[in-house]
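Spelled out from the first residue to the last, the chains are:
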Amino acid sequence: MEERANAGAGTLTVEASAAFGGVATGGLMCLLSMSSIQFGAALSSSAISTYGPAGASWLRLAFAAIILALVVRPRIVSYNRAQWTSALVLGVTTALMTMSFFAAIERIPLGLAVAIDFLGPLSVATIGYGLSRRLLWPLIAALGVLALAHDGEGWVGDIGGIVFALGAGTGWAIYIVLTKKIGASFKGLEGLSISLMVAALVATPFGFAGAVSKLDAYGLVEMAGLAILVPLLPYTLELIALRRMPTASFGILMSLEPAIAALAGFVILAQPMTLLQTAGTALVVAASAGATFSARP
């Protein structure tokens, strides 16, 4: 009896350790993904200036799609209608989200763009629970955005940048849901590979003409490297992370992204933040984490 109890306890310990290891690994992947996205976005400033937001988006999506297709070699003819539908919707969403986000950071500071971006998934997550106290979280985040939009002397950014950031936020909310679905319905990274091909095709009419005429050998190397930083590496890490950890835990960790964006903006783009803007970033992070945590069953 004692041996059986000890064996049972040992099994539980191993299972708990494995579960913790999965969550810890997923958490590390989330942090790497966020850092890759935000520092990659900051490093894209020169590319956006050269090729335009649509051109830079198309080049990055095209390179990412080619690289991942060569590695994964998706079996295109083997997928059913439901798999194709989810991959097509995710691809279109990814293209529009990427182009909108690049258009936003061309016009407004990176930290502000990411904070506005967060309002999309945050609002969807809370409104889905009806008129309840959870609606407080988007209001707190909105106050944080207002604080970020003021540099102590006046309002920063422009209306166009804010609209594009809101569009990217809407796409992000859809992207999170679809990425979880893609990860469950495809083997390995095949779903991600197909969706990136779709995204590159969708972005082609918007970015091809403006980008190809200005592309040289240096630009090819630069865009290939940036494509790995965003979107290839973070999308891959997020897909694997969502398989290893609960969506709620994933959402709480991703709440740190506005803070990482502010750091990337300061380090790479020399976009300093006032005390008020730092407090605004903290409000957005707290609101996102609070909304995700309060939604847990």
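Fair warning: this is a prediction, and the values are worked out from it, not measured in the lab.

A. Main features of the overall build of the protein chain. Summing up its helical and strand segments, the protein chain has eleven helices and zero strands in all. Relative to its 297 residues, the protein chain shows a buried fraction of 47%. Partitioning the contacts of the protein chain with sequence separation of at least 6, the portion at a separation of at least 24 is 88%.

B. How the structure looks around the pattern of salt bridges. Applying the stated criterion across every chain, the model contains two salt bridges. As a salt-bridge pair, Glu190 and Arg75 come within 3.5 Å of each other at their nearest N and O atoms. Note that Glu190 is positioned in helix H7 (residues 190-212) and Arg75 in the loop between helix H2 (45-72) and helix H3 (81-107), a separation of 115 residues in sequence. Among the residues examined, Glu190 registers a relative accessible area of 10% and is labelled buried.

C. Just the packing of helix H10 (residues 257-269) against helix H11 (residues 275-294), in detail. It is at 8 Å that the axes of H10 and H11 come closest, and there the two elements cross at 150 degrees. With respect to each other, H10 and H11 are oriented roughly antiparallel. Residues Pro258, Ala259 and Ala262 of H10 touch H11, and the partners they reach there are Thr281, Val284 and Val285. Its residues assigned to classes, the contact of H10 with H11 shows five nonpolar, one polar and no charged.

D. A look at the nonpolar core. If you look at the biggest cluster of nonpolar residues, it comprises 75 residues, and the most contacted ones within it are Phe101, Ile105, Leu110, Leu112 and Leu196. Broken down by element, this core gets its largest block of residues, twelve residues, from H2. Excluding residues that lie within four positions of it along the chain, Phe101 makes contacts with Gln38, Ala41, Leu110, Ala113, Val114, Asp117 and Ala168.

E. Expanded view of helix H5 (residues 136-148). In a regular helix each residue adds 1.5 Å, so 13 residues correspond to 18 Å; H5 covers 19 Å between its end C-alpha atoms and thus fits that length. Along H5, the residues classified as buried are Pro138, Ala141, Gly144, Val145, Ala147 and Leu148.

F. Looking closely at the environment of Gly183. In this structure, Gly183 sits in helix H6 (residues 159-185). Every residue in contact with Gly183, bar those within four places of it in the chain, is listed here: Leu239 and Arg243.

G. Looking closely at the side chain of Ser193. Here Ser193 lies in helix H7. Take Ser193: its relative accessible area is 0%, and that puts it in the buried class. Those residues in contact with Ser193 that lie beyond four places of it in its chain are Leu68, Ala69, Val72 and Pro74.

H. Structural context of the packing of aromatic side chains. Within the structure shown, the criterion is met by five aromatic pairs. An angle of 70 degrees between the planes, with centres 6.0 Å apart, marks the rings of Tyr79 and Trp84 as edge-to-face. Assessed through its relative accessible area of 9%, Tyr79 is described here as buried. Classification of Trp84 as partly exposed rests on a relative accessible area of 28%. Considering the side-chain rings of Phe118 and Trp172, the 4.7 Å spacing of their centres and the 90 degrees angle between planes classify their relative orientation as edge-to-face. Of this pair, Phe118 sits in helix H4 (residues 110-127) while Trp172 sits in helix H6, and the two are 54 residues apart along the sequence. Ring-pair connections join several aromatic residues into one group, and the members of that group are Tyr79, Trp84 and Phe186.

I. Structural context of the side chain of Ser33. As for its placement among the helices and strands, Ser33 is situated in helix H1 (residues 2-43). Take Ser33: its relative accessible area is 0%, and that puts it in the buried class. At 3.4 Å, the side chain of Ser33 and the backbone oxygen of Pro234 are in polar contact. Those residues within four positions of Ser33 in sequence are excluded, and the remaining contacts are Pro234, Leu237 and Glu238.

J. Broad picture of unusual backbone geometry. Positive phi values are uncommon outside glycine, yet Arg73 reaches one of about 50 degrees. Tracing the backbone shows Arg73 in the loop between H2 and H3. Its relative accessible area of 65% is what places Arg73 among the exposed residues.

K. Focus on a nonpolar patch on the surface. Together, Leu43, Leu263, Phe266, Val267 and Ile268 line one region of the surface with nonpolar side chains, adding up to about 450 Å² of accessible area. Of all the elements, H10 adds the most residues to the nonpolar patch, at four residues. Relative to the helices and strands, Leu43 resides in helix H1.

About the criteria used
Here, residues in each chain are numbered from 1, in the same order as that chain's written sequence. Only residues with pLDDT of at least 70 get local features here, since the model is predicted, and only at 80 or more are side-chain atom pairs given and counted; chain-wide, interface and lining totals rely on the full set of residues. Based on all heavy atoms of the structure, the side-chain values leave hydrogens and waters out of the count. Counting from the N terminus, the helices are the DSSP runs of H or I reaching at least four residues and the strands are the DSSP runs of E reaching at least two. Classification of residues uses two cut-offs on accessible area relative to the type maximum, computed with a 1.4 Å probe and protein chains only: under 20% is buried, over 50% is exposed, and between them is partly exposed. Contacts were defined at the residue level, with two residues in contact if any of their heavy atoms lie within 4.5 Å. Each reported salt bridge corresponds to a side-chain nitrogen of Lys or Arg within 4 Å of a carboxyl oxygen of Asp or Glu. Angles run from 0 to 180 degrees between N-to-C directions of axes, and those axes are lines fitted to C-alpha atoms, restricted for helices to the stretch in contact. The scheme is simple: roughly parallel for angles under 35 degrees, roughly antiparallel for over 145, roughly perpendicular for 65 to 115, oblique for anything else. We call Asp, Glu, Lys and Arg charged. Ala, Val, Leu, Ile, Met, Phe, Trp, Tyr, Cys and Pro are nonpolar, and the rest, Gly among them, are polar. Buried Ala, Val, Leu, Ile, Met, Phe, Trp, Tyr and Cys residues form a nonpolar core when they are joined through side-chain atoms within 4.5 Å. What a helix is expected to span follows from its residue count: subtract one and scale by 1.5 Å. Between the rings of Phe, Tyr and Trp (Trp by its six-membered ring), a pair exists once the centres lie within 6.5 Å; its type follows the angle of the planes, with under 30 degrees stacked, over 60 edge-to-face, and the other angles tilted. Within 3.5 Å is the distance limit for a polar contact, defined as a pair of N or O atoms, with the added protein rule that one can donate a hydrogen and the other accept it, and that residues adjacent in sequence qualify only through two side-chain atoms. Patches here are clusters of residues that have more than 30% relative accessible area and form no salt bridge, with a 9 Å joining cutoff for like charges and a 5 Å cutoff for nonpolar side chains (Val, Leu, Ile, Met, Phe, Trp, Tyr). Note on areas: Shrake-Rupley with a 1.4 Å probe; residue coverage comes only from the protein chains shown.

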